[in-house]
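# Examining the three-dimensional arrangement
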Amino acid sequence: MSKRTTLQVPEVHCDHCKTSLEGAVGGLGGVSMVEVSVPDATLEVAFDESEVSIDRIKETIEEQRYGVFR
């Protein structure tokens, strides 16, 4: 089942942050779309819950050394 959610990633402040997060999260199986907004410090993601969990997505963000909140 496909799901879409927006996460708060407060430490996002530049294009490097955007590129890093979009690449890491976008590389997960089951993720069909990821878009980081630098001005809003958010990460919007669409994913298939049968392939990847929101917890795994959050872990991936944290592995890139960013805090993440729902």
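Read on for an overview of the structure. (Residues numbered from 1 in each chain as written. Predicted model: local features only at pLDDT ≥ 70, side-chain atom pairs only at ≥ 80, totals over all residues. Heavy atoms only, no water.)

## Thoughts on the nonpolar core
- V9, L21, V25, V31, L43, I57 and I61 are the most contacted members of the largest nonpolar core, which has 19 residues in total.
- Elements supplying a minimum of two residues to this core: α1 (15-26), β2 (31-37), β3 (42-48) and α2 (54-63). (Core = buried A, V, L, I, M, F, W, Y, C linked by side-chain atoms within 4.5 Å. Buried < 20%, exposed > 50% of the residue type's maximum accessible area, 1.4 Å probe, protein only. Helix = DSSP H or I, 4+ residues; strand = E, 2+ residues; numbered from the N terminus.)

## Some words on the sheet that holds strand β1 (residues 2-8)
- Strand order in the open sheet formed by 3 strands is β1-β3-β2, with antiparallel pairing between adjacent strands. Because the sheet does not close on itself, it has two edges, and the strands there are β1 and β2. Averaged over all pairs of adjacent strands, the angle between their axes in this sheet comes to 10°, without regard to strand direction.
- Where β2 meets β3, 6 bridges bridge the pair, whose relative direction is antiparallel. In the strand pairing of β3, S37 is matched with T42.
- Packed onto the sheet, α1 meets β2 and β3 and runs at close to 165° relative to β2. (Pairing = 2+ DSSP bridges. Axes fitted to C-alpha atoms, helices over the stretch in contact; angles between N-to-C directions. Contact = heavy atoms within 4.5 Å.)

## Some words on the packing of α1 against α2
- Their axes nearest at 9 Å, the elements α1 and α2 cross at an angle of 140°. When the interaxial angle is binned, α1 and α2 end up oblique. Seen along the crossing, α1 lies across α2 with a hand that is right-handed. Facing L21, A24 and V25 of α1, the residues of α2 in contact are I57, T60 and I61.
- Looking at the contact of α1 with α2 residue by residue, the classes come out as 5 nonpolar, 1 polar and no charged. (Parallel < 35°, antiparallel > 145°, perpendicular 65-115°, else oblique. Left-handed = near helix turned anticlockwise from the far one by under 90°. Nonpolar A, V, L, I, M, F, W, Y, C, P; charged D, E, K, R; others polar.)

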